[in-house]
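For reference, the chains in residue letters:
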Amino acid sequence: MKKIIFNFALVVAALTFVACGDKTAKTEGQEAAAGEQTEETAKAAEQVEVKTEDRAWYTVDVPTTWEAKQYASEMIVKKDGAELNFKEEAKGDIAKWIENVTKDAETPLDDITTGDITWKVFKNVKSFKTVYVAQVKDGVVRVGSSLEDANDADVLAVLSGVKGK
């Protein structure tokens, strides 16, 4: 549980750093305020509880602010109108998945790494605004998102919870 919270805190901290950019000319007051904000962000991340959803050869630690429903061929995770659709293929060929997704994608986006998993990211693939594809152990996981922002903090928190068994 501590590892999950720590991983989520790292994602939040990284997103905070990216959002703030490099501002080297800070005053002491600004530095103190930034330090307090970082502590508040870390405390908020520590308070996030997760529920582990078990899939065939991987698990997803889903923050309890999301609702997960499992089906035989997919898992749907929802929060405030946002929806993530998990599909997988055991012993799948990631190159084949990426080839198929690329055919339908409007554009590829920058890769995102969560823990030891690197997600290939694509914009506007069929009915999804964003699609993430990754090799997880011996299989492939595809997550279709209803959100356009590929770096949405809530989505990254869910993706950070994906772990191979």
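Before reading on, note that the structure itself is shown above.
My aim in this report is to walk through the structure given alongside it, one point at a time.

So, how was this worked out
- Residues numbered from 1 in each chain as written.
- Predicted model: local features only at pLDDT ≥ 70, side-chain atom pairs only at ≥ 80, totals over all residues.
- Heavy atoms only, no water.
- Helix = DSSP H or I, 4+ residues; strand = E, 2+ residues; numbered from the N terminus.
- Buried < 20%, exposed > 50% of the residue type's maximum accessible area, 1.4 Å probe, protein only.
- Contact = heavy atoms within 4.5 Å.
- Areas by Shrake-Rupley, 256 points an atom, 1.4 Å probe, with all protein chains shown as cover.
- Core = buried A, V, L, I, M, F, W, Y, C linked by side-chain atoms within 4.5 Å.

Another point: the overall build of the protein. Assigned secondary structure in the protein consists of four helices and 10 strands. Each helix and strand of the protein, ordered N terminal to C terminal, gives the series α-α-β-β-β-β-β-α-β-β-β-β-α-β. Looking at the 165 residues of the protein, the share that counts as buried comes to 39%. For the protein, long-range pairs separated by at least 24 residues make up 47% of all intrachain contacts whose partners lie at least 6 apart in sequence. Accessible surface computed for the protein: about 9700 Å², of which carbon and sulfur atoms make up 51%.

Tracing the backbone shows Ala150 in the loop between β9 (139-145) and α4 (153-160). The class of Ala150 is buried, set by a relative accessible area of 10%. Sequence separation between Ala150 and Lys123 is 27 residues; the distance between their C-alpha atoms is 8.1 Å. Once residues within four sequence positions are removed from consideration, Ala150 is found in contact with Leu109, Ile112, Val121, Thr130, Tyr132 and Leu156.

Counting 25 residues, the largest nonpolar core has Phe86, Trp119 and Tyr132 as the members making the most contacts within it. When residues of this core are assigned to their parent elements, the largest contribution, four residues, is made by α4. Ile98, Phe122, Val125 and Val133 belong to the second-largest nonpolar core, a separate cluster that totals 10 residues.

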